[in-house]
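What the coordinates show
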Amino acid sequence: MKRKRAVPKPILFGEGWEVIEQGVTKMKRILEGLPEPPFTSEEYMKIYTRIHDMCIQRSPHDTTEKLYTKYKEVIMEYITSVVLPSLKDKHDEFLLRELVIRWSNHKIMSKWLSRFFSYLSRFFIKRNSLPSLDEVAFTCFRDQVYKETKGKVKDAAISLIDQERCGEQIDRGLLKNVIEIFVEIGTGKMDYYKNDFEEEMLKETTAYYSRKASNWILIESFPDYMLKVEECLRREKDRVVHYLHATSEPKLIEQVRHEVLCVYSSQLLENEKSGCCVLIQEHKVDDLSRMYKLFSKIDDGLCRISQIYKKHVTVEGTTLVKKADDVASNKEAEKRVVVGLQEQTFVREVIELHDKNMPLVNDCFQNHTLFRKVLKEAFEIFLNKTVAGSSTAELLVNYCDNILKKGGSEKHSDEAIEQILEKAVNLLGYIYDKDLFVEFYRKKLARRLLFDKSANEDHERSILTKLKQQNGTHFTSKLEGMVTDMTLARETQADFKDYLQCNPRTNPGIDLSVTVLTTGFWPSYRSSDFHLPFEMTKCIQAFTEFYPTKTNSRKLTWIYSLGTCNITAKFELQTIELIVTTYQAAVLLLFNDSNRLSYSEIMSQLNLADDDVVRLLQSLCCLKYKILNKEPNTNSISSDDVFAFNSKFTNKMRRIRIPLPIVDEKKKILEVVDKDRKYVVDACLIRIMKSRKVLNHQQLITECVEQLKVFKPDLKLIKKRIEDLINREYLERDSENLNLYRYLA
């Protein structure tokens, strides 16, 4: 026999709600701070069970929908009867404190009610696609409390921020909690925070700093103004850390920068008493670093600074050029001394200018490419001008020569010389005519090496290494070959001495030193059919017989103009050793056989050009050491002059060097460089056309200029070389388009 199952008595809604309402009332009292013990687990389970039982009843006793509606009514009733009245008459900071309390209580109430009514979420809410319990509670607060108070709350919060900006102490914790309400109301979105608080806060920030900046610009210097700006930015970032939302930082900082920097950027940078130019002039490193840091964050900030910086450096460099020109044109000083001294001074001052600016670029301007670029452009402007009638390339070569040669005007330690050479090579990077530098340097290096005037071979090799690192192997190949030649020449000379010892009959009886050079490395020197004295002829023969024992693949060409000779001159009162050139020695040896010789006799016996003979005789009878007497006794040489040995010549020194009159080789060097440039441009044009086959006129010129690194070519020169290549049938013009060139294989 089956036992009947007992059917539980239905719970009427009014009866069930009494139990629930008791829990709700207790919760409200707890939230309001009234004396009430906390919920026990039994009380919680009693309410939860009652709601559960009411939800599982079958129709018509199912009260689930009524419970869902009642949940919202409970929250709405609490808001209208307690929350809104508590906020109604409060203002400013009191309003904010009350709102923070009410929001916190609301979240607690929502949490407990959600627990009590959690059975609704399991089936009823999901099945009917209704808002969750948390969403209902949240919506009630947002629609009833937030929308009612947001305007007053926003104003009160912004007022606190303004108070803090004015130096007053505020409750940052309170402000942080208030701002979090704006964020939390958005439930994951920032729309309420942005529209209801941030937008107005940014407007107030703009107005505040606009007022401040308009006052500061009138009374503060540029450095002091930047300190205030830096402090303002720091404080605004600090506000973001302590109470504003992180997403506000870029907008807030942007507004501050705009008002205090962008609006007055030109006025600040161009301030005549304390602007950018003054800071650079006075080398205010800290202020310049601060300026870079601040202006790097605004549009065109660095561009403006870089142009001011470029103008400043250009003016300083141009001033050095003008100073050198003024000294060189001074008619009261001796021209030779002025030029020699001033070229050293000019290059040294340019190096000092570069040394002064590099720390600014590297440290203050953080090695930014823009500032490296404008520094390069500024130095290029004044370093490619003519200085005192000479190119900067020539002056730089002379400066290096003075450092590297024996007896230079400047004495430095080895370490200091290395640093100076490094700086000199850095200057070369700004000079367009690098090929001109190489040719002048080759001449000076040749004199140092051939006449034993180089102070230190290690320094010679060091500067070549620096030049190679900067400009490539092709730039220094000939110069390195010259240094190598001198090393090989010393070995050859040692072998020659051994040869003479082994072959005493070949020994000419004169101490002979021969330097064998490679033609392609060294500057071109003029050779002539010079008639050597007999004593010297024996020396030449001895070496000519020796050299084939070293190599059969090289042909010797004798350059007598580079030789030196030590001869003993016996005067009536003393004997003096004379250090002269080979040509000078040949002239003096003629007077061993003749007491008097005419100009024409000397010229015919030596077989030299007229200019060379004039220069030789002038050095021996018209300058400091008058080894020969001349009739008539004038300071110029003519073809009618007669010369005789000055047997009464005396000097305090037992050994004297008789120099030749200085010959300006600049014109010859310039001619050589111009000639070489034609070949370089030709090779560049052919190389481009060989790879491209067909190219229009403008593209060809552009690529040619880009590829030519050793000098800045004149466009007229490139056009002439193109025409020449067309005439020589390397290129041809297109028959239909005359601006189009084709390469002829």
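For the structure, see preceding data.
Below or above, wherever it landed, is the structure these notes cover. These numbers come from a predicted model, not from an experiment.

Looking at the overall build of the protein chain
If you tally the helices and strands in the protein chain, you get 29 helices and nine strands. With the principal axes as the frame, the protein chain shows a C-alpha extent of 160 × 70 × 65 Å. Expressed as a percentage of its 745 residues, the buried residues of the protein chain come to 44%. Counting only contacts in the protein chain whose residues sit at least 6 apart along the sequence, the fraction spanning at least 24 positions is 71%. Of the accessible surface of the protein chain, which amounts to about 41100 Å², a share of 50% is contributed by carbon and sulfur atoms.

Focus on the nonpolar core
Looking at soluble globular proteins, one finds that nonpolar side chains tend to be buried together. One finds M291, F295, Y309, F379 and Y441 to be the most contacted residues of the largest nonpolar core, which totals 110 residues. Among residues more than four places away in sequence, those in contact with M291 are F222, M226, L269, C276, I305 and F365. Residues I11, L120, M190 and M201 belong to the second largest nonpolar core, which totals 66 residues.

What about the sheet that holds strand β8 (residues 731–733)?
Hydrogen bonds between backbone atoms are what pair the strands of a sheet, whose relative direction is either parallel or antiparallel. The antiparallel open sheet is built from three strands, whose spatial order is β7-β9-β8. Edge positions in the open sheet fall to β7 (694–696) and β8, since each of these has one partner strand only. Within the sheet, the average angular offset between the axes of one strand and its neighbour, ignoring direction, is 30 degrees. Of the strands in this sheet, β8 and β9 (740–743) are in contact with helix α29 (residues 715–727), which crosses β8 at around 100 degrees.

Considerations on helix α20 (residues 434–450)
Helix length check: α20, at 17 residues, gives a terminal C-alpha distance of 24 Å against a target of 24 Å (1.5 Å per residue), a fit within 8%. With 14 of 17 residues buried, α20 lies mostly within the body of the structure. Note on α20: the residue one or two positions beyond its end, D452, has a positive phi of about 55 degrees.

Structural notes on unusual backbone geometry
Omega for the peptide link from E631 to P632 comes to -5 degrees, which places this bond in the cis form. Following the sequence through the fold, P632 ends up in the loop between β4 (628–631) and β5 (642–645). Even without being glycine, S129 reaches a positive phi, approximately 50 degrees. Tracing the backbone shows S129 in the loop between α6 (124–127) and α7 (133–165).

Focus: the pairing of β9
Both β7 and β9 contribute to a ladder of three bridges, which runs antiparallel. In the strand pairing of β9, N696 is matched with L740. Bridging between β8 and β9 involves three bridges; their strand directions are antiparallel. Paired with R733 across the two strands is Y741, which belongs to β9. In textbook terms, the turn of a hairpin is the stretch between consecutive antiparallel strands, and for β8 and β9 this stretch comprises six residues.

Comments concerning the sheet that holds strand β2 (residues 575–581)
What the three strands build is an open sheet, ordered β1-β2-β6; its pairing is mixed. Every interior strand has two partners, whereas the edge strands, β1 (564–570) and β6 (655–657), have only one. The sheet shows a mean angle of 25 degrees between the axes of neighbouring strands, taken without regard to direction. Alignment of β2 against β6, held across three bridges, turns out to be parallel. Paired with I579 across the two strands is R657, which belongs to β6. The sheet strands contacting helix α24 (residues 582–590) are β1 and β2, and the helix crosses β2 at an angle near 130 degrees.

As for the environment of Q342
Tracing the backbone shows Q342 in helix α16 (residues 335–364). With a relative accessible area of 8%, Q342 lands in the buried category. For the pair Q342 and Q574, spaced 232 residues apart in sequence, the C-alpha separation works out to 40 Å. If sequence neighbours within four positions are ignored, Q342 has contacts with A324 and V327.

Side note on the packing of aromatic side chains
According to the stated counting rule, one finds 34 aromatic pairs in the structure shown. Each ring, one from F496 and one from F543, has its centre 5.0 Å from the other, and the planes form 70 degrees; the classification is edge-to-face. Taken together, the residues span a long stretch of sequence, with F496 in helix α22 (residues 473–502) and F543 in helix α23 (residues 534–546) at a distance of 47 residues. When its relative accessible area of 0% is taken as the criterion, F496 is described as buried. Put simply, the rings of F496, Y499, F543, F546, Y547 and W558 pair up and form one aromatic cluster. Taking NZ or CZ as reference, K26 lies 5.1 Å from the ring centre of F39, over its face.

Cut-offs used in this document
- Starting from 1, residues in each chain are numbered consecutively following that chain's sequence as written.
- The predicted origin of the model limits local features to residues at a pLDDT of at least 70 and limits the giving and counting of side-chain atom pairs to 80 or more, whereas totals for whole chains, interfaces and linings rest on all residues.
- In computing side-chain values, all of the structure's heavy atoms are included and hydrogens and water are not.
- Under the scheme used here, helices are H or I runs from DSSP no shorter than 4 residues and strands are E runs no shorter than 2 residues, and both carry numbers assigned from the N terminus.
- Per-residue accessibility, obtained with a 1.4 Å probe over protein chains only, is compared with the maximum for each type, and a residue is labelled buried under 20%, exposed over 50%, and partly exposed between these values.
- Contact definition: two residues touch when any of their heavy atoms are within 4.5 Å.
- Per-residue accessibility takes into account occlusion by the displayed protein chains alone, with areas from the Shrake-Rupley method and a 1.4 Å probe.
- Residue types Ala, Val, Leu, Ile, Met, Phe, Trp, Tyr and Cys, when buried and joined through side-chain atoms within 4.5 Å, form a set referred to as a nonpolar core.
- A pair of strands is considered paired only if DSSP assigns at least 2 bridges between the two.
- All axes here are fitted lines through C-alpha atoms, helices being fitted over the stretch that makes contact, and every angle between N-to-C directions spans 0 to 180 degrees.
- To estimate the expected span of a helix, count its residues, drop one, and scale the result by 1.5 Å.
- Between 30 and 60 degrees the pair is tilted, below 30 it is stacked and above 60 it is edge-to-face, where a pair is any two Phe, Tyr or Trp rings, Trp via its six-membered ring, whose centres lie within 6.5 Å.
- Two conditions define a charge sitting above a ring: the NZ of Lys or the CZ of Arg must be within 6 Å of the ring centre, and it must be within 35 degrees of the ring normal.

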